[in-house]
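Each chain, written out:
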Amino acid sequence: HYPSTGLSHPRDVVTPAHLAAFTVAALIAGFGVRSTTGDWRTRLAVLASVGVGTLVAIFSIDPHWLKGPFGSLPPLVKEMWYNQIDEGLPVWQVGWDEAAAALAQPLVGIVGALLAVRSVSGEARERWFSYLFLLLAATAASAYVIRFGTTASIIALPATAYLCQRAYRGARKLSLMPARVVATTGALCIMTPAFAVPLTVAPVNNRLQQAIKASDLCTRRSEIEKLHALPTGQIAAPVEITPALLLTTDDKAVATGHHRNASGINDVLELFLYAPTDGAKILARRHVDYVVFCPNAPESIRFANRGPGGLASMLRAGKAPAWLQPVEVPGLRGLKVWRVRQDLISA
């Protein structure tokens, strides 16, 4: 995400508050921390003032900064969309396999960096100390936002390479061939710890696997291309399948999973979760021509469970309100299409 035009969008990852903080931190550190400042207490005081200055800058511009870049999302959008995206969640809110994949490399890197700090001296030791500090900060960020694990894993590569080299040399010194082979394999696995752990031993959720297959079927190009048989129009569909619809057809859509269109996502959620009377008003206001649905996809199942009296629940049960007319599209295997009866809905 990049700053929007005018830096005014409330849900940009980089906001004016961030930019002000970066500027203040650079100015204080640039003028305060110099190579001629030898006393550690003075340097520590200057670094502390950097923290204070950045906090003052942040909260002076954005008093609600602690809510985060997505704090202003509508409650329904945050619950049913944003909180369902694992990459934006902390590690304690995702599965153990995802947490391990995100943190394995950084944690192994920390071990390698600590070993390097103990093994070297002089200027090299200072460099490893600085690197270790950066890696610890990146790992902490990864624990809080799991998608940062990719960046932390890249930062961890020098330390994991150092640890791998140490382990490999030790393994090659073993006299027994079987032990040497096992130890060498283990040493090489240090470079890819997330894949070295058998993350697939978790019990297979057959219902989830079937739902994922259904979603894959609904988003295949060969499936969506069949919608070309319909006149081009405005589509209302769950946000997870809408990008594939936009990519393959010339139709327009109410919303995809992009945070800057929070109002569109909110309308889609209310359409499928709430009573059909509410959905009709949304379709009229949005001038929607078609409702496209994938009944057995994970998102559709989640919608039906969250709103048992809503439109998604009805469509999964093979029912539809009078203002939705089923459209038979030859060859469709996963998607279901309804034409909106404009004469039966009202804004």
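Calculation notes
- Residues numbered from 1 in each chain as written.
- Predicted model: local features only at pLDDT ≥ 70, side-chain atom pairs only at ≥ 80, totals over all residues.
- Heavy atoms only, no water.
- Helix = DSSP H or I, 4+ residues; strand = E, 2+ residues; numbered from the N terminus.
- Buried < 20%, exposed > 50% of the residue type's maximum accessible area, 1.4 Å probe, protein only.
- Contact = heavy atoms within 4.5 Å.
- Areas by Shrake-Rupley, 256 points an atom, 1.4 Å probe, with all protein chains shown as cover.
- Lys, Arg positive; Asp, Glu negative; His and termini not counted.
- Salt bridge = Lys/Arg side-chain N within 4 Å of Asp/Glu carboxyl O.
- Polar contact = N/O pair within 3.5 Å; in protein donor to acceptor, adjacent residues only side chain to side chain.
- Pairing = 2+ DSSP bridges.
- Axes fitted to C-alpha atoms, helices over the stretch in contact; angles between N-to-C directions.
- Parallel < 35°, antiparallel > 145°, perpendicular 65-115°, else oblique.
- Left-handed = near helix turned anticlockwise from the far one by under 90°.
- Disulfide = S-S within 2.5 Å.
- Patch = residues over 30% accessible without salt bridge, like charges linked within 9 Å, V, L, I, M, F, W, Y side chains within 5 Å.
- Phe/Tyr/Trp six-rings, centres within 6.5 Å; stacked < 30°, edge-to-face > 60°.

Visitor: Requested: an account of the overall build of the protein chain, with residues and values cited.
Guide: Of regular secondary structure, the protein chain possesses 16 helices and five strands. Sorting the 347 residues of the protein chain into buried and exposed places 40% on the buried side. A sequence separation of at least 24 residues applies to 63% of the contacts in the protein chain between residues at least 6 apart. In the structure as shown, the protein chain presents an accessible area of about 19,400 Å², 61% of it carried by carbon and sulfur atoms.

Visitor: Before we move on, could you go through the side chain of aspartate 251 and cite the residues and values that matter?
Guide: In this fold, aspartate 251 is placed in the loop between helix 12 (242-248) and strand 2 (252-253). In this structure aspartate 251 is buried but unpaired, with lysine 252 as the nearest side chain of opposite charge at 10.0 Å. There is a polar contact of 2.8 Å between the side chain of aspartate 251 and the backbone nitrogen of glycine 233. Looking at aspartate 251, its side chain comes within polar contact range of the side chain of threonine 249, at 3.1 Å.

Visitor: Quick rundown of the environment of alanine 143? Include the residues and the values.
Guide: Looking at where alanine 143 falls in the secondary structure, it is placed in helix 5 (residues 122-144). Those residues in contact with alanine 143, other than ones at most four positions away along the chain, are Pro90, Val91, Trp92 and Leu103.

Visitor: Requested: an account of the pairing of strand 5 (residues 336-340), with residues and values cited.
Guide: As paired strands, strand 3 (residues 290-293) and strand 5 are joined by four bridges and run antiparallel to one another. Residue pairing in the sheet places tyrosine 290 in a bridge with arginine 339 of strand 5. Where strand 4 (residues 324-327) lies against strand 5, four bridges are found, and the strand directions are antiparallel. Counted as the bridge partner of valine 327 is valine 337 from strand 5.

Visitor: Got a sec to walk through helix 14 (residues 276-286)? Specific residues and values, please.
Guide: Among all positions in helix 14, only Pro276, Gly279, Ala280, Ile282, Leu283 and Ala284 are buried. Structurally, helix 14 contributes buried residues whose contacts are with strand 1 (234-236), helix 13 (262-273), strand 3, helix 16 (311-316), strand 4 and strand 5. Downstream of helix 14 by a residue or two, histidine 287 has a phi angle that is positive, lying close to 55°.

Visitor: Go over the packing of helix 4 (residues 96-119) against helix 7 (residues 157-172) with me, naming the residues and quoting the values.
Guide: Relative orientation of the contacting elements helix 4 and helix 7 amounts to 65°, with a least axis distance of 7 Å. Comparing their axes, helix 7 and helix 4 come out roughly perpendicular. Of the two elements, helix 4 crosses helix 7, and the hand of that crossing is left-handed. Where helix 4 approaches helix 7, its residues Gln105, Val108, Gly109, Val111, Gly112, Ala113, Leu115, Ala116 and Ser119 are matched on the opposing element by Leu157, Ala159, Thr160, Tyr162, Leu163 and Arg166.

Visitor: Quick one: what's the story with the pattern of salt bridges, residue by residue and with numbers?
Guide: Tallied over the entire structure, the rule returns seven salt bridges. Across the salt bridge formed by glutamate 123 and arginine 127, the nearest N and O atoms sit 3.3 Å from each other. Taken together, the residues span about one helical turn, with glutamate 123 and arginine 127 both in helix 5 at a distance of four residues. You'll find glutamate 123 and arginine 127 in the same group, each marked exposed.

Visitor: Go over the sheet that holds strand 2 with me, naming the residues and quoting the values.
Guide: The strand order across the open sheet built from five strands is 2-1-3-5-4, with neighbouring strands paired in mixed fashion. Looking at strand neighbours, the two that pair on one side only are strand 2 and strand 4, the edges of this open sheet. Pairing of strand 1 with strand 3, which is carried by two bridges, proceeds in the parallel orientation. Paired with isoleucine 235 across the strands is tyrosine 290, a residue of strand 3.

Visitor: Provide a residue-level description of the state of the cysteines, including the pertinent values.
Guide: Applying the stated criterion across every chain, the model contains one disulfide. The side chain of cysteine 218 participates in a disulfide bridge whose partner is cysteine 294; the two sulfur atoms lie 2.0 Å from each other. Of note, the bridge from cysteine 218 to cysteine 294 carries an S-S torsion of about 80° and is right-handed in sense. On the criterion of sequence distance, the pair formed by cysteine 218 in helix 10 (residues 206-218) and cysteine 294 in the loop between strand 3 and helix 15 (298-306) is long-range, its members being 76 residues apart. Here cysteine 218 matches cysteine 294 in class, with each residue buried. Between cysteine 164, a free cysteine, and cysteine 189, which holds the nearest cysteine sulfur, the sulfur-to-sulfur gap is 9.2 Å.

Visitor: Describe a nonpolar patch on the surface, naming the residues involved and giving the relevant values.
Guide: Residues Leu55, Phe59 and Leu66 make up a contiguous nonpolar surface patch of about 300 Å² in total accessible area. Position of leucine 55 among the secondary structure elements: in helix 2 (residues 40-61). Leucine 55 sits in the partly exposed class, given a relative accessible area of 45%.

Visitor: Go over the packing of aromatic side chains with me, naming the residues and quoting the values.
Guide: Considering all chains together, one arrives at five aromatic pairs under this definition. Their ring planes at 20° and their centres at 6.0 Å tell us that phenylalanine 272 and phenylalanine 303 sit as a pair that is stacked. Of this pair, phenylalanine 272 sits in helix 13 while phenylalanine 303 sits in helix 15, and the two are 31 residues apart along the sequence. Classification of phenylalanine 272 by relative accessible area gives buried; the value is 0%. When its relative accessible area of 0% is taken as the criterion, phenylalanine 303 is described as buried. Here the aromatic residues Trp128, Tyr131 and Tyr162 are joined through ring pairs into a cluster of three or more.

Coordinates in, geometry out; function isn't part of it.
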